[in-house]
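# Topology and contacts: notes
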Amino acid sequence: MNQAADILDLAAQAIQQNIDAVLATVVRTEGSAYRQPGAMMLICADGRSVGMISGGCLEPHIIKRAFWLTRHGASVQIYQTGDDIGYHNNGDPDSTVVEEGTTVKDEDRSEDDFLEGELNFGLGCNGRIHVLFERLATAIPLLDLIRQVRNTQQPATIATLIRSDGSENGALDLQVGSRIYLNQYLKTGNLADVYLNRNMISDSNTFIDDMLLNTIQKLSNHKFHKKNAEYIKLTSDLELQATGDRQHESEWLLQRIYPQTRLLICGAGNDVIPLVTMAKLQDWHVTVIDSRPQYATRLRFSQADSVLCVDLDDSETLLNLSAGAAVAVMSHSLAQDRARLAVLLEHSAQYRYLGQLGPRYRTERLIKEISETSANPHILADGIRKLHYPIGYKLGRDGPEALALSIMAQMSAVIHGHAPQTSLPNSQYTIQTSEQSVFNNYKNDYAHD
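Residues numbered from 1 in each chain as written. Predicted model: local features only at pLDDT ≥ 70, side-chain atom pairs only at ≥ 80, totals over all residues. Heavy atoms only, no water.

Attention now goes to the packing of aromatic side chains. For the coordinates displayed, the defined rule picks out one aromatic pair. Over the face of the ring belonging to Y258 we find R256, whose NZ or CZ atom lies 5.6 Å from the ring centre. For the cation-ring pair, R292 lies above Y295, with the distance from its terminal atom to the ring centre recorded as 4.3 Å. (Phe/Tyr/Trp six-rings, centres within 6.5 Å; stacked < 30°, edge-to-face > 60°. Lys NZ or Arg CZ within 6 Å of the ring centre and 35° of its normal.)

Let us look at the packing of helix α7 (residues 272-281) against helix α12 (residues 400-415). Relative orientation and spacing of two packed helices are given, respectively, by the angle between their axes and the distance between those axes. Close contact between α7 and α12 brings their axes to 8 Å; oriented N to C, the two are set at 45°. Our classification of the angle between α7 and α12 gives oblique. As for how α7 packs across α12, the hand of that crossing is right-handed. Residues P274, L275, M278 and A279 of α7 pack against P400, E401, A404, L405, I407 and M408 of α12. Classifying every residue of the contact of α7 with α12 gives nine nonpolar, no polar and one charged. (Axes fitted to C-alpha atoms, helices over the stretch in contact; angles between N-to-C directions. Helix = DSSP H or I, 4+ residues; strand = E, 2+ residues; numbered from the N terminus. Parallel < 35°, antiparallel > 145°, perpendicular 65-115°, else oblique. Left-handed = near helix turned anticlockwise from the far one by under 90°. Contact = heavy atoms within 4.5 Å. Nonpolar A, V, L, I, M, F, W, Y, C, P; charged D, E, K, R; others polar.)

A word on helix α9 (residues 334-345). With 12 residues, α9 should cover 16 Å at 1.5 Å per step; its first-to-last C-alpha distance of 16 Å lies within 8% of that length. Listing the buried residues of α9 in full gives Q336, D337, R340, L341, V343, L344 and L345. (Expected span 1.5 Å × (residues − 1). Buried < 20%, exposed > 50% of the residue type's maximum accessible area, 1.4 Å probe, protein only.)

In this structure, L263, I265, V286, V288 and M330 are the most contacted members of the largest nonpolar core, which totals 26 residues. Elements with a contribution of two residues or more to this core: β14 (262-266), α7, β15 (285-290), β17 (325-329) and α12. Counting residues per element, this core draws most heavily on α12, at six residues. With near-sequence residues (within four places) excluded, V288 lies in contact with I265, G267, A268, V272, V276, F301, A304, S306, V307 and L308. (Core = buried A, V, L, I, M, F, W, Y, C linked by side-chain atoms within 4.5 Å.)

What follows concerns the environment of S374. Of note, S374 is situated in the loop between α10 (360-373) and α11 (381-386). For the pair S374 and A342, spaced 32 residues apart in sequence, the C-alpha separation works out to 8.4 Å. Apart from the residues lying within four places of it in its own chain, the contact partners of S374 are E346 and L380. Within the structure, S374 has its side chain in polar contact with the backbone nitrogen of N376 (distance 3.2 Å). (Polar contact = N/O pair within 3.5 Å; in protein donor to acceptor, adjacent residues only side chain to side chain.)

Read these as geometric descriptors, not functional statements.
Here you go:
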């Protein structure tokens, strides 16, 4: 979740200063969209804002109208980014409301009409973006959950109501913007304490609880594909008491909120500084370790979440820090790299990515030395197969900044399953990942160890 840290910080400030705010969240996209469902933006009443729900095209309009759109509670707006739009003489887009194929000018509609249509911004992207607007008071439980996930490193699954027939016939007793904490239902199997914010329409009754239970069961059984946030449309199979209709539709944003991607950097040289900076720009949790106390200092790595001096024989700390992390071994020291790599290669299931800085012959030398001293060299096979060396993609530039960019690109591709697939090269000690044979078949120009 990009920019989450900035949104959490500004929300905390707004609450402390008693300043109202509106949280805007992308809940659905159709066609081309710059941001995906789950992207957020926080707009404060004093003019401050953080986050993006588009490429910067919709934000000025949203900042102007956020508080008006939420004057009666949470609402969902649809923004169309087609190309059938003109412009005023001052360059501003001639915003229109598109409704069932009819284009109506702003001046011909009342303010309430905007809640029923689609604002067309003529950006040429030919997509639709559905955005949920809600006041900070109702969004606090969501932001608290995000903060909890970041602190505990335990993921959570929530469902946010986008639209429901219940607002018209009373079938589903929740309003737009209501959120359900699905982890709690999966843990207990009942409806108690599953609501992050339950905006009720009327008093609860047994039939409504049955309807909610049916909906929650369907949401809980949904299997995510590649994305961590998906638009879900449900049709209930329970008969509605009020109308006799057997079909009740509701639309949801289903989100799997994950902890920050963790980056462990073994080494505290100067070339680590831009890597820390780039990782923090992606909202990663960054830990830098080194056995040399003069290198591992907070003064040198002020942006890192943690800077530790870890002895080379402290395998327990190394394994704890590498759990679920992307690991870069780049100390420019044979002794340090050998000690870290020996432990990591034996525990390949511990981390999501492992990369070694330096030219290939240097890493193969380290692997050979580690294998010769290992009580069970075969246990290293999976780790060697998972090891990326030389670390990073060759992007055509040199220097610490270029190295940091190449490392971040490779880590992101591997973690998200987008690494290229090719045949494996033959090597006595190197059982490389498939994408290395394309990008790493060269002498590393970045390392001179």
